[in-house]
Amino acid sequence: MHLVIKFGGTSVGSLERIENAARKVIEKVKEGYKVVVVSSAMAGETDRLINLARHLDNFPPEREVDMLISTGEQQAIALFAITLNKLGYPAVSLCGWQVPIITDHVHTKARVRKVGIQRIKNLLKEGYIPVVAGFQGVTEDWEITTLGRGGSDLSAVVLAHALGADCEIYTDVEGVFTADPRIVPQARKIPRISYEEMLEMASLGAKVMQARSIEFAMKYNVRIHVRSSFSDEEGTWILPEEEVMEKVAVRAITLDTKESRITVVRVPDRPGIAYSIFKALGDAHIVVDMIVQNVSHQGYTDMSFTVNKTDADLAESIVRKVAAEIGAQEVVRDDHVAKISVVGIGMKSSYGTAAKMFEVLYKNNINIMAISTSEIKISCLIDSKYGELAVRELHSAFIEEGEEVKVINET
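Residues numbered from 1 in each chain as written. Predicted model: local features only at pLDDT ≥ 70, side-chain atom pairs only at ≥ 80, totals over all residues. Heavy atoms only, no water.

A. Local environment of the sheet that holds strand E16 (residues 300–308). As summarised here, the arrangement of the four strands in space is E15-E16-E14-E17, forming an open sheet in which the pairing is antiparallel. A strand with exactly one partner marks an edge of an open sheet, and here the two such strands are strand E15 (288–293) and strand E17 (330–334). On average, each strand axis in the sheet is tilted by 20° relative to the strand beside it, whichever way the strands run. Where strand E14 (residues 259–268) and E17 come together, five bridges link them in antiparallel fashion. Counterpart to Thr 263 in the pairing with E17 is Val 332. Lying on the sheet, helix H9 (residues 309–326) is in contact with E14, E16 and E17; it crosses E14 at an angle near 5°. (Pairing = 2+ DSSP bridges. Helix = DSSP H or I, 4+ residues; strand = E, 2+ residues; numbered from the N terminus. Axes fitted to C-alpha atoms, helices over the stretch in contact; angles between N-to-C directions. Contact = heavy atoms within 4.5 Å.)

Now the structure itself:
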């Protein structure tokens, strides 16, 4: 029986923690599993490398960025394999290109196209523990790529799918919570959560898993267990909707403070203007989130949208060029915004959630700048200084005062 185990940066942040992680792998091997390990870079290493590059150039070539930051995982897997060998369990470290994990050509945000699994199967058959570098891939013409921040999660889920295995994600928290426990001490661990809910949470700022890894897991039905490296407690299972017993209206509250709002002021209100702006951003592989366009007045309108802060400098420079071409008045950027969201699969069959959310924000004098919705989430853009207050108040209103489903064992 195969099992893929992924360790995050904090879990391999020192030699002592690498040994702790290695012993968890050995426990699973003793239970009879054929284990494949996926490791992130040691905590802080990727940021350190990115800062080195940006010290030289604010917009370094993305190919060279991938070449640089992929070395963080290479260090970690070598140290992990050395540790396992020292403890008496033969291990072999593999970079993404050695597996291989084949991707498209989009540097720093590559998408997985296919994965070769034979080498890993051969190593397992020979009694080795493969230790694979997360976050890395390679194009068909041998260019090194990376899978975006948190991409080690995607590496692990892709390998789990290829092996027909479950996937355990070891991190520095005990599972998925109803809110960030650092903001809301009363936050509860969620024993089971659906792919849909977890995908929304991951895309809305929850830091436990990368959104694209959940998207892949949902497509291929890969069961994921998120748990702590520093505890033996059961964590959170991420599963198909039919395996999640209760469908509460609001499962969790998320806060994303890593967005910037860019506003193009006094845009000519004519066909093709929005296309000009968002085509240029799309060509630069910049993901746009919330979009708001005001009602036209005297032939002009204002258009606002949000992007991840890591893309904000580039997005702003692109939009300024387009704004000059289309005759917009100016471009304004605001880095002091936050996206607050309520998420729950039960919203599909409940009513009043939006009204209750807006009431909570109103009672706390929190202004809403933009709103976006789906079947199972409502998001509001607010001033970032109110972010933590909004999380606490919404958690109190929806989670702490909400109904709990109790299981009754009848004889």
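B. The packing of aromatic side chains, seen in detail. Here the structure, examined in full by the defined rule, presents four aromatic pairs. Centre to centre, the rings of Phe 7 and Tyr 170 are 5.2 Å apart; their planes meet at 20°, and the pair counts as stacked. Pair noted here: Phe 7 is in strand E1 (residues 2–7) and Tyr 170 is in strand E9 (residues 166–171), with a separation of 163 residues, a long-range link. The exposure class assigned to Tyr 170 is buried, which follows from its relative accessible area of 4%. Here Phe 278 and Phe 305 contribute two aromatic rings whose centre-to-centre distance is 5.3 Å and whose plane-to-plane angle is 75°, an arrangement assigned as edge-to-face. Within this pair, whereas Phe 278 is found in helix H8 (residues 273–283), its partner Phe 305 is found in strand E16, the two being separated by 27 residues in sequence. Residue classification places Phe 305 among the buried residues on the basis of a relative accessible area of 1%. Feature note: the residues Phe 7, Phe 80 and Tyr 170 constitute an aromatic cluster, connected by ring pairs. Looking at Arg 223, its charged tip hangs above the ring of Trp 237, at a distance of 4.9 Å from the centre. (Phe/Tyr/Trp six-rings, centres within 6.5 Å; stacked < 30°, edge-to-face > 60°. Buried < 20%, exposed > 50% of the residue type's maximum accessible area, 1.4 Å probe, protein only. Lys NZ or Arg CZ within 6 Å of the ring centre and 35° of its normal.)

C. View of the side chain of Thr 108. Relative to the helices and strands, Thr 108 resides in the loop between strand E4 (101–103) and strand E5 (112–115). For Thr 108, a relative accessible area of 18% gives the class buried. If sequence neighbours within four positions are ignored, Thr 108 has contacts with Glu 62, Val 65, Asp 66, Thr 146, Leu 147 and Gly 148.

D. Broad picture of the nonpolar core. By size, the foremost hydrophobic cluster in this structure holds 42 residues, and its most contacted members are Val 4, Ile 120, Leu 159, Met 209, Ile 224 and Ile 238. Sorting the residues of this core by element identifies strand E2 (34–39), helix H4 (118–125), helix H5 (151–163), E9, helix H6 (195–203), helix H7 (211–220) and strand E11 (224–228) as the ones contributing at least two each. Ranked by the residues each element gives to this core, the list is headed by H5, at seven residues. Not counting residues up to four positions away in its chain, the partners in contact with Ile 224 are Val 157, Cys 167, Ile 169, Met 209, Ile 214, Ala 217, Thr 236, Trp 237 and Ile 238. Counting 25 residues, the second-largest nonpolar core is a separate cluster that includes Val 342, Val 360, Ile 378 and Ile 399. (Core = buried A, V, L, I, M, F, W, Y, C linked by side-chain atoms within 4.5 Å.)

By themselves these figures say nothing about function.
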